[in-house]
Amino acid sequence: MCWGCRAAALHPTPYILHRARAQAEFPARVFVGAVEQDKERNESCIDSTLPNFANVRVVAIPHTASKGPTYGRYLGSTMFRGEAFYLQLDSHTQLAPKWDSKLIAMLDTCDSPKPARPPPPAPPPRAPAAPGPPQVW
């Protein structure tokens, strides 16, 4: 699993990491990769007190070396270590209870040894902007 660290202000990565473990039926079997593209190295959003912290892999680069989300996804793919399953998500993804077992059960129904994935989910809706003059950037 891989998340973009600063991608979603509504659901910061530490929350997603905790939630992924809490919602998994077998959390000890979940390995997480996080791509951090931060301004300062001391801004890490990975909590070393997470249960099964050894199952967390991190690639960290300065924000000035970032080349966008596609490059971040590529960096995430470099953390694959031959696990039986590989799932790449964004930091705003919400996971259902027993998501790990449910996804494996879904894969078992596929006729292909390498089933294709659907497009990434849409981000959660944002609150409407406060009325006022448009901002100029």
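The structure this text deals with has already been given above.
Described in the following lines is the structure provided in the data block.

Digging into the packing of aromatic side chains
Scanning the entire structure with this criterion turns up 2 aromatic pairs. Look at Phe 80 and Tyr 86: their rings are 5.7 Å apart centre to centre, the planes differ by 85°, and that puts the pair in the edge-to-face class. The partly exposed category is assigned to Phe 80, whose relative accessible area is 39%. In this structure, Arg 29 is placed above the aromatic ring of Phe 26, and the distance from its NZ or CZ to the ring centre is 4.1 Å. Sitting above the plane of the Tyr 71 ring, Lys 67 keeps its charged end 4.9 Å from the centroid.

Quick notes on the pattern of salt bridges
The full count for this structure, using the stated rule, is 1 salt bridge. The shortest N-O distance in the salt bridge between Glu 83 and Arg 57 comes to 2.7 Å. Of this pair, Glu 83 sits in the loop between helix H2 (69–77) and helix H3 (99–108) while Arg 57 sits in strand E3 (residues 56–62), and the two are 26 residues apart along the sequence.

With respect to the environment of Phe 85
Within the element layout of this structure, Phe 85 appears in the loop between H2 and H3. With a relative accessible area of 45%, Phe 85 lands in the partly exposed category. Each C-alpha atom, one on Phe 85 and one on Ile 104, is 8.3 Å from the other, the two residues being 19 residues apart in sequence. If sequence neighbours within four positions are ignored, Phe 85 has contacts with Ile 104 and Leu 107.

Cut-offs applied
- Residues numbered from 1 in each chain as written.
- Predicted model: local features only at pLDDT ≥ 70, side-chain atom pairs only at ≥ 80, totals over all residues.
- Heavy atoms only, no water.
- Phe/Tyr/Trp six-rings, centres within 6.5 Å; stacked < 30°, edge-to-face > 60°.
- Buried < 20%, exposed > 50% of the residue type's maximum accessible area, 1.4 Å probe, protein only.
- Lys NZ or Arg CZ within 6 Å of the ring centre and 35° of its normal.
- Salt bridge = Lys/Arg side-chain N within 4 Å of Asp/Glu carboxyl O.
- Helix = DSSP H or I, 4+ residues; strand = E, 2+ residues; numbered from the N terminus.
- Contact = heavy atoms within 4.5 Å.

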